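The residues making up each chain are set out below.
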Amino acid sequence: MVSKFIVLFGLIITLFSCNLSKRMGNNNSSSKKEVNEILNTWHQDVIEFKLDSYFDVMDDSFIFLGTDPKERWSKEEFYGFCKPYFEKKSTWNFKPLWRNVYFSEDGKTAWFEEQLTTWMEECRGSGVLVYKNNEWKLVHYNLTVLIENEKVKSFIELRKE
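Residues numbered from 1 in each chain as written. Predicted model: local features only at pLDDT ≥ 70, side-chain atom pairs only at ≥ 80, totals over all residues. Heavy atoms only, no water.

Peer 1: Got a minute to help me understand the overall build of the protein in this structure?
Peer 2: Counting secondary structure elements, the protein contains five helices and six strands. Counting from the amino terminus, the protein carries its helices and strands in the arrangement α-α-α-β-β-α-β-β-β-β-α. Put simply, the protein has 161 residues, and 32% of those count as buried. Long-range pairs, those at least 24 residues apart, make up 48% of the contacts in the protein between residues at least 6 apart in sequence. Summing over all exposed atoms, the protein offers an accessible surface of approximately 10800 Å²; the carbon and sulfur share of this is 55%. (Helix = DSSP H or I, 4+ residues; strand = E, 2+ residues; numbered from the N terminus. Buried < 20%, exposed > 50% of the residue type's maximum accessible area, 1.4 Å probe, protein only. Contact = heavy atoms within 4.5 Å. Areas by Shrake-Rupley, 256 points an atom, 1.4 Å probe, with all protein chains shown as cover.)

Structure (structure tokens):
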């Protein structure tokens, strides 16, 4: 009788935990799938010139760090940069080669790293999403150009020009 109670209690706790994790966007395969779909769509929106959709994913506190040292933009500033490219239908095409997604213990924060193929060759993107109001919002994105360690000295000299 006691063992049946323990099994039943364990089952109830497991079901409750799964349901809570799902509601909070916790670290499970469905949350990873959702975050990956959001990011893939975010990159695809650029290719398809969907400016509003691209920016709807971003939280109001969004920050974009670009490859140029001067590129640190708020959502509003980044919108001003992007809008002319979208209007001219002359945007960029960043295709993920791979991506890792991680979650906080409470499941309300996700961060990721991704390798991208771009017009600048391979780049790395990383960012943070927060789960609020029942949806994931991108709050931070950092795009970096990759350079091999043995080429850094030449790169430094090039930047001095």
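Moving on from the model shown.
Peer 1: Even after reading the chapter, I still don't get the pairing of strand 4 (residues 109-118), so can you show me in this structure?
Peer 2: Looking down a regular strand, the side chains alternate between one sheet face and the other. Pairing analysis gives eight bridges linking strand 3 (residues 95-103) to strand 4, with the strands arranged antiparallel. Paired with R99 across the strands is E114, a residue of strand 4. Following strand 3, the chain reverses through five residues before pairing antiparallel with strand 4; G107 in that reversal takes a positive phi of roughly 75°. As paired strands, strand 4 and strand 5 (residues 121-132) are joined by 10 bridges and run antiparallel to one another. Paired with E113 across the two strands is S126, which belongs to strand 5. Linkage of strand 4 to strand 5, two consecutive antiparallel strands, is achieved through a turn of two residues. (Pairing = 2+ DSSP bridges.)

Peer 1: Is there a simple way to think about the side chain of Q115 in this case?
Peer 2: Considering the arrangement of structural elements, one finds Q115 in strand 4. At a separation of 2.8 Å, a polar atom in the side chain of Q115 contacts the side chain of E122. When sequence neighbours within four positions are dropped, the list of residues in contact with Q115 reads K95, P96, L97, W98, E122, C123, R124 and L146. (Polar contact = N/O pair within 3.5 Å; in protein donor to acceptor, adjacent residues only side chain to side chain.)

Peer 1: Sorry, what's going on with the side chain of T118 here?
Peer 2: Among the structural elements, T118 can be located in strand 4. When its relative accessible area of 11% is taken as the criterion, T118 is described as buried. Within the local environment of T118, its side chain forms a polar contact with the backbone nitrogen of M120, the two atoms lying 2.8 Å apart. Among the polar contacts listed, one links the side chain of T118 to the backbone oxygen of E121, at a separation of 2.8 Å. The residues contacting T118, other than those within four sequence positions of it, are N93, F94 and C123.

Read these as spatial facts, not as claims about activity.
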